[in-house]
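# Understanding the architecture of this molecule
What follows is each chain in one-letter form.
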Amino acid sequence: MEVEYANGTEETVRLLGVDTPETTLSRISPDEFVSIPETTAGRDHLFDWGERATEFAEAELEGEQVRIVVDTESDRRGYFGRLLVYIYVDGENFNEQLLSNGYARLYDSQFSLREEFAAVERQAQNNEVGLWEYQGSESESSSETDSADINVPPLLPDGDYNCDDFETQEQAQYVLETEAGDPHGLDRDGDEFACESLP
């Protein structure tokens, strides 16, 4: 998210110690969220909670005066150069609120509040709060299981796929069918089949 300092300069920050589900279907990894299965239903569940996390953050933070704090036991900046911070609103740690309300999981990294955050996450999981309340049936359909077996390669940092990124046409087809509007241009001839030259 973007923060603006009192002097008018802006900074891109990342919330330290927490990770909300992705809001791009091809990037969702249920294996990062304990108890959420690698099925279509599991991915859809996380996608929904990723959008809810975004809405919650916007409702709570947009236009608000906040206090940001860096952690001396953590890296100062993340992989993409974003400042890693805790955000406090009215004295409340917003990062921790995401965990306690089930909008996020604990991010596996080094920081001083790790044990506290882990305890908050465990409580949310035990109480099935937010994303941890998964209602998928024990016998999810075979089509869901089949799509879960499609091992889609991770999205590159530039946020785009090319046909060369896939080993099989089935992988490319899965991405085409799960992302509206073909944002990666995998179906160039518009026949609803992605990367037809792939095996």
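For the structure itself, consult the block above.
Quick look at the structure, then. (Residues numbered from 1 in each chain as written. Predicted model: local features only at pLDDT ≥ 70, side-chain atom pairs only at ≥ 80, totals over all residues. Heavy atoms only, no water.)

In this section: helix α1 (residues 40–61). Between its first and last C-alpha, α1 extends 31 Å over 22 residues, near the 32 Å set by a 1.5 Å rise per residue. Considered for burial, the residues of α1 that qualify are Gly42, Arg43, His45, Leu46, Trp49, Gly50, Ala53, Phe56, Ala57 and Leu61. The buried residues of α1 occupy an angular sector of 155° when the element is viewed end-on, so they sit on one face. In α1, those exposed residues whose orientation departs by more than 90 degrees from the buried face are Glu55 and Ala59. Along its buried surface, α1 packs onto β5 (83–89), α2 (94–100) and α5 (169–178). Two residues or fewer past α1, glycine 63 is found with a positive phi of approximately 80°. (Helix = DSSP H or I, 4+ residues; strand = E, 2+ residues; numbered from the N terminus. Expected span 1.5 Å × (residues − 1). Buried < 20%, exposed > 50% of the residue type's maximum accessible area, 1.4 Å probe, protein only. Arc of directions from axis to C-beta. Contact = heavy atoms within 4.5 Å.)

Right, let's talk about the pattern of salt bridges for a bit. Here the structure, examined in full by the defined rule, presents seven salt bridges. Arginine 105 serves as the salt-bridge partner of glutamate 32, at 3.6 Å between the closest nitrogen and oxygen. Of this pair, glutamate 32 sits in the loop between β3 (18–19) and α1 while arginine 105 sits in strand β7 (residues 105–106), and the two are 73 residues apart along the sequence. Ionic contacts of the salt-bridge type, sharing partners, join the residues Arg14, Asp19, Glu32 and Arg105 into one network. (Salt bridge = Lys/Arg side-chain N within 4 Å of Asp/Glu carboxyl O.)

Another aspect to go through is the nonpolar core. Of all hydrophobic cores here, the largest spans 37 residues; its most connected members are Val18, Tyr86, Ile87, Phe94, Leu98, Phe111 and Phe117. Those elements giving two or more residues to this core turn out to be β2 (10–15), α1, β5, α2 and α3 (114–126). In terms of residue count, the dominant contributor to this core is β5 (seven residues). Contacts of tyrosine 86, omitting those with residues within four sequence positions, involve Leu16, Arg67, Ile68, Val69, Asp71, Asn93, Asn95, Phe111, Ser112, Leu113 and Phe117. Counting 13 residues, the second largest nonpolar core, distinct from the first, contains Val152, Val175, Leu186 and Leu198. (Core = buried A, V, L, I, M, F, W, Y, C linked by side-chain atoms within 4.5 Å.)

A few words now on the pairing of β5. Within β5, seven of the seven residues are buried, leaving the element largely enclosed by the surrounding structure. Residues of β5 alternate between two faces, with Leu83, Val85, Ile87 and Val89 on one and Leu84, Tyr86 and Tyr88 on the opposite face, all of them buried. One ladder, built from three bridges, connects β2 with β5; its direction is parallel. Among the inter-strand pairings, valine 13 is bridged to a residue of β5, identified as leucine 83. Sheet topology note: the strand β4 (residues 67–69)/β5 ladder contains three bridges and is antiparallel. When the bridges of β5 are listed, arginine 67 appears paired with tyrosine 88. In this structure, β5 lies alongside strand β6 (residues 92–93), joined through two bridges in antiparallel fashion. Counted as the bridge partner of tyrosine 88 is asparagine 93 from β6. Count of turn residues in the β5/β6 antiparallel hairpin: two residues, of which aspartate 90 carries a positive phi of about 50°. (Pairing = 2+ DSSP bridges.)

Across its 13 residues, α3 extends 18 Å between first and last C-alpha, which sits within 8% of the 18 Å expected from 1.5 Å per residue. Each element contacted by the buried residues of α3 is listed here: β3, β5, β6, α2 and β7. Directly beyond the C-terminal end of α3, a positive phi value near 50° is found at glutamate 128.

With that settled, consider the pairing of β2. With three bridges connecting them, strand β1 (residues 2–4) and β2 associate as antiparallel partners. From the neighbouring strand, valine 3 faces β2, where its bridge partner is glutamate 11. Linking β1 back to β2 in an antiparallel pair, the connection comprises five residues, with glycine 8 at a positive phi of about 95°.

The next thing to look at is the packing of aromatic side chains. Inspection of the entire model under this criterion finds eight aromatic pairs. Centroid distance phenylalanine 56 to tyrosine 103: 4.5 Å. Interplanar angle 15°. Geometry classified as stacked. Placement of the pair is phenylalanine 56 in helix α1 and tyrosine 103 in the loop between α2 and β7, with a sequence separation of 47 residues. Like phenylalanine 56, the residue tyrosine 103 is buried in the burial classification. Three or more aromatic residues joined by ring pairs make a cluster, and in this case those are Trp49, Phe56, Phe94 and Tyr103. In this structure, arginine 105 packs its charged tip against the face of phenylalanine 33, placed 5.5 Å from the ring centre. (Phe/Tyr/Trp six-rings, centres within 6.5 Å; stacked < 30°, edge-to-face > 60°. Lys NZ or Arg CZ within 6 Å of the ring centre and 35° of its normal.)

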